[in-house]
Amino acid sequence: MEAPAARHSQAETELIVTSPEQMGELGRRLAKLLRAGDLVMLSGELGAGKTTLTRGLGEGLGVRGAVTSPTFVIARVHPSLGDGPPLVHVDAYRLGGGLDEMEDLDLDVSLPESVVVVEWGEGKVEELTDDRLVVGIHRAVGETTDEVRHVTLAGLGERWDGVDLGVLSA
């Protein structure tokens, strides 16, 4: 499979992904950089590939259960099949309030021992930690069969200092 086109610095990387398979592969590669305590915030239009990326993360982390969109259950926990961290996959789309509504999910309790991925988390989960990976997935909108996605990854906080996100384009 052809690697996505990329432009990057250590703290931020931009990739072009041209298929759902590449998006899943990006998730599998990203999983190698993640560890317990990491918060990953995903943003992008409906159908951009947030869940496809998370499915790849789950495969890369070696977790149990099919990673599907948690829209109606809000959050799913996928335990590790090995010695890695569990994956907590949250869809905050239907949550209107900020951290108050998110507190019911006890993400602050899960975060230290898990990789927590939050779709639609902007303005809702930033207070959990200063350290987070922000992933924006942008696609053409409207009636189109265009599979091209522009993915921006930015590591914020001390946790991401010195992490070369450029390895994701290899």
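No experiment lies behind these values; they were computed from the predicted model shown. Counting from 1, residues in each chain are numbered in the order their sequence is written. A pLDDT threshold of at least 70 governs which residues receive local features in this predicted model, and a stricter bar of 80 or more applies before side-chain atom pairs are shown or counted, although totals over entire chains, interfaces and linings include all residues. The side-chain figures draw on all heavy atoms in the structure; neither hydrogens nor water molecules are used.

## What about helix α2 (residues 50–61)?
In plain terms, the rule: The way it works is that DSSP assigns letters per residue, a run of H or I at least four long becomes a helix, a run of E at least two long becomes a strand, and they are numbered from the N terminus. Multiplying one less than the number of residues by 1.5 Å gives the expected span of a helix. For this analysis, residues touch if any pair of their heavy atoms sits within 4.5 Å.
In a regular helix each residue adds 1.5 Å, so twelve residues correspond to 16 Å; α2 covers 16 Å between its end C-alpha atoms and thus fits that length. Considering only its buried residues, α2 is in contact with α1 (20–31), β3 (39–44), β5 (87–91), β6 (115–119) and β7 (132–139). Immediately downstream of α2, the backbone of G62 shows phi near 70°, a positive value.

## Comments concerning the confidence of the model for the chain
Caution is warranted with low-pLDDT regions, since their predicted coordinates should not be read in detail. Going by this rule: For every residue, the pLDDT score states the predictor's confidence, bounded by 0 at the bottom and 100 at the top.
Of all residues in the chain, 79% have pLDDT values of 70 or greater, and the mean over the chain is 83. Within the chain, strand β1 (residues 5–8) has the poorest average pLDDT of any element, 45, and α1 the best, 96. Segment residues 1–9 is flagged for pLDDT under 50; beyond a separation of four residues in sequence, or across chains, it makes 27 contacts in the model.

## Concerning the pairing of strand β8 (residues 149–156)
Filter applied, for reference: Here a strand pair is declared whenever DSSP counts at least two bridges between the two strands.
Where strand β2 (residues 12–17) meets β8, six bridges bridge the pair, whose relative direction is antiparallel. Counted as the bridge partner of I16 is H150 from β8. Bridging between β7 and β8 involves eight bridges; their strand directions are antiparallel. When the sheet's bridge partners are listed, R139 is paired in β8 with R149.

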